[in-house]
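What follows is the residue order along each chain.
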Amino acid sequence: MSDRTSPDYRNSIKESISAVEAACQIITGDQKATLGQAVKKLEGSGVELHPAFRDALSKMYGYTNDASGIRHALLDESTLDADDARFMLVTCSAFVNYLKAKAANRKANVT
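Residues numbered from 1 in each chain as written. Predicted model: local features only at pLDDT ≥ 70, side-chain atom pairs only at ≥ 80, totals over all residues. Heavy atoms only, no water.

## Some points on the packing of aromatic side chains
Logical step 1: Under the counting rule described, the total for this entry stands at 2 aromatic pairs.
Logical step 2: For the ring pair Phe53 and Phe95, a centre distance of 6.2 Å and an interplane angle of 85° mean the geometry is edge-to-face. With Phe53 in helix H3 (residues 51-66) and Phe95 in helix H4 (residues 82-110), this pair connects stretches of sequence that are 42 residues apart.
Logical step 3: According to the relative accessible area criterion, Phe95 is buried, its value standing at 9%.
Logical step 4: Among the aromatic residues, those joined into a ring-pair cluster are Phe53, Phe95 and Tyr98. (Phe/Tyr/Trp six-rings, centres within 6.5 Å; stacked < 30°, edge-to-face > 60°. Helix = DSSP H or I, 4+ residues; strand = E, 2+ residues; numbered from the N terminus. Buried < 20%, exposed > 50% of the residue type's maximum accessible area, 1.4 Å probe, protein only.)

## So, the side chain of Ser45
Logical step 1: With respect to the secondary-structure elements, Ser45 resides in the loop between helix H2 (35-42) and H3.
Logical step 2: On the basis of relative accessible area, Ser45 is assigned to the buried category, the value being 18%.
Logical step 3: When sequence neighbours within four positions are dropped, the list of residues in contact with Ser45 reads Ile27, Thr28 and Arg106. (Contact = heavy atoms within 4.5 Å.)

## So, helix H1 (residues 9-28)
Logical step 1: Helix length check: H1 (20 residues) gives 29 Å between terminal C-alpha atoms against 28 Å at 1.5 Å per residue, within 8%.
Logical step 2: Along H1, the residues classified as buried are Ser12, Ile13, Ser16, Ile17, Val20, Glu21, Ala23, Cys24, Gln25, Ile27 and Thr28.
Logical step 3: At the exit of H1 stands Gly29, carrying a positive phi of roughly 75°. (Expected span 1.5 Å × (residues − 1).)

## Some remarks on the pattern of salt bridges
Logical step 1: Taken as a whole, this structure holds 4 salt bridges when the rule is applied.
Logical step 2: Among the salt bridges present, the one from Lys41 reaches Asp30, with a minimum N-O distance of 2.3 Å. Residue Lys41 is located in helix H2, and its partner Asp30 is located in the loop between H1 and H2; the two are separated by 11 residues in the primary sequence.
Logical step 3: A relative accessible area of 38% means that Lys41 is categorised as partly exposed.
Logical step 4: Residue Asp30 is classed as partly exposed on the basis of its relative accessible area, which comes to 22%.
Logical step 5: For Glu43, the salt bridge is made with Arg54, and the minimal N-O distance between the two is 3.8 Å. Residue Glu43 is located in the loop between H2 and H3, and its partner Arg54 is located in helix H3; the two are separated by 11 residues in the primary sequence. (Salt bridge = Lys/Arg side-chain N within 4 Å of Asp/Glu carboxyl O.)

## Things to note about H2
Helical periodicity: at 3.6 residues per turn, an α-helix aligns residues three or four positions apart in one direction.
Logical step 1: Those residues of H2 not exposed but buried are Leu35, Ala38, Val39 and Leu42. Viewed along the axis of H2, the buried residues span an arc of 105°, placing them on a single side of the element. (Arc of directions from axis to C-beta.)

## Quick word on the environment of Val96
Logical step 1: With respect to the helices and strands, the residue Val96 is situated in helix H4.
Logical step 2: The partly exposed category is assigned to Val96, whose relative accessible area is 23%.
Logical step 3: Along the primary structure Val96 and Ala22 are separated by 74 residues, whereas in three dimensions their C-alpha atoms are 9.0 Å apart.
Logical step 4: Leave out the neighbours within four places in its chain, and Val96 touches Ala19, Val20 and Ala23.

What follows is the structure, given as structure tokens:
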């Protein structure tokens, strides 16, 4: 996204959701879990999410697995633009920070 002459919006969106997946993997201790699997394990790791947050994460992941072939082979010519990439970057960044805070609070309450 930072390449002003030839931005790769598709890859930016893929990397944004991958950051959420990585945060969930770190929190759950399951480095091989997909985002969907890791989200289900969060509560078992002491990080409780409101059901709407869990659904939102799952739906965002579903979007990246479907829309314009973001995480998989391209399905059609991409219609993704800067607005799509910016939304996912900001939203996924917020989710990562939210999960990080929840995990830190969990550790603080355990000790």
